[in-house]
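# Structure at a glance
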Amino acid sequence: MNRELWLLRHAKSDWHLNVDDFERPLNKRGKRAARQMGAWMKQHQLVPDFVVSSPASRACETAEMICAALGLATQAIHRDKRLYEQGLAGLKAALAGCPVQAERILLIGHNPALEALLIDLAGNAAMPDTDKLLPTAALARLIIFCEWHRLKAGCGDLLSITYARNLPGAC
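## Observations regarding the overall build of the chain
- In terms of helices and strands, the chain carries four helices and six strands.
- Taken from N to C terminus, the helices and strands of the chain fall in the order β-α-β-α-β-α-β-α-β-β.
- With the C-alpha coordinates of the chain rotated into their principal frame, the extents come out at 40 × 35 × 30 Å.
- Across the 171 residues of the chain, 50% fall into the buried class.
- The contacts of the chain with a sequence gap of at least 6 include a subset with a gap of at least 24, amounting to 73%.
- As displayed, the chain offers around 8200 Å² of accessible surface, 49% of which is attributable to carbon and sulfur atoms.
- Of the charged side chains in the chain, 21 are positive and 17 negative; the average position of the first set lies 4 Å away from that of the second.

And the structure:
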């Protein structure tokens, strides 16, 4: 059975506040981008079976806005500390713990780990020629050819990357 993994980088955060990195919230532009991405996902019937998010404030806010747009309860968001500053190994460990029956997983996290996971699973040759692979609020969709606990390099194909800045109404 083929599965889909959707990697969503959190939306733009507010660097002007004097708070710890973990507590940094979304800024106005980030909130708008998260809502637009959620609306786009709903329009394209991209509703995940399982949502896992970094527990950092900006990732949780992004997850909550996406879930609201998709009609999912915020209780559907599984916060996993391995998605915050634990790199590629942390992301793979978090995915290994996802339900085996979940066919579509939405993972909301941070760079550089998300880009590393994307390249690891789909290969560098599949990546678009761009200076920033996953800017804020970008959504990468992959087909995965194995179970979540068996993820290894090259076990996926990149379907698409959607950039919030290119969505209708984006600024």
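## Some thoughts on the sheet that holds strand β4 (residues 104–109)
- One open sheet holds the six strands; their spatial order is β3-β2-β4-β1-β5-β6, and the pairing between them is mixed. Edge positions in the open sheet fall to β3 (77–79) and β6 (156–162), since each of these has one partner strand only. Each adjacent strand pair in this sheet contributes to an overall mean axis angle of 20 degrees, direction not counted.
- Pairing between strand β2 (residues 50–53) and β3: three bridges, direction parallel. When the bridges of β3 are listed, V51 appears paired with I77.

## Concerning the layout of surface pockets
- Approximately 290 Å³ is the volume attributed to the largest pocket.
- What lines the largest pocket is a set of 18 residues, among which H10, R58, H110, N111 and P112 lie closest to the centre.

## Remarks on unusual backbone geometry
- Each neighbour pair has its own omega, and for N111 with P112 the value is 5 degrees, a cis peptide bond.
- Tracing the backbone through its elements, the reader meets P112 in the loop between β4 and α4 (113–122).
- At Q45, a residue that is not glycine, the phi angle is positive and equals roughly 55 degrees.
- With respect to the element layout, Q45 can be found in the loop between α1 (28–43) and β2.
- Take Q45: its relative accessible area is 67%, and that puts it in the exposed class.
- Despite not being glycine, E85 has its phi angle at roughly 60 degrees, a positive value.
- Relative to the helices and strands, E85 is located in the loop between β3 and α3 (87–96).

What counts and what doesn't
- Residues numbered from 1 in each chain as written.
- Predicted model: local features only at pLDDT ≥ 70, side-chain atom pairs only at ≥ 80, totals over all residues.
- Heavy atoms only, no water.
- Helix = DSSP H or I, 4+ residues; strand = E, 2+ residues; numbered from the N terminus.
- Buried < 20%, exposed > 50% of the residue type's maximum accessible area, 1.4 Å probe, protein only.
- Contact = heavy atoms within 4.5 Å.
- Areas by Shrake-Rupley, 256 points an atom, 1.4 Å probe, with all protein chains shown as cover.
- Lys, Arg positive; Asp, Glu negative; His and termini not counted.
- Charge placed at Lys NZ, Arg CZ, Asp CG, Glu CD.
- Pairing = 2+ DSSP bridges.
- Axes fitted to C-alpha atoms, helices over the stretch in contact; angles between N-to-C directions.
- 1 Å grid on protein atoms, 1.4 Å probe; cavity = no way out; pocket = protein on both sides within 12 Å on 5 of 7 lines; lining within 4 Å.
- Points joined across faces, edges and corners; volume = space filled by probe spheres on them.

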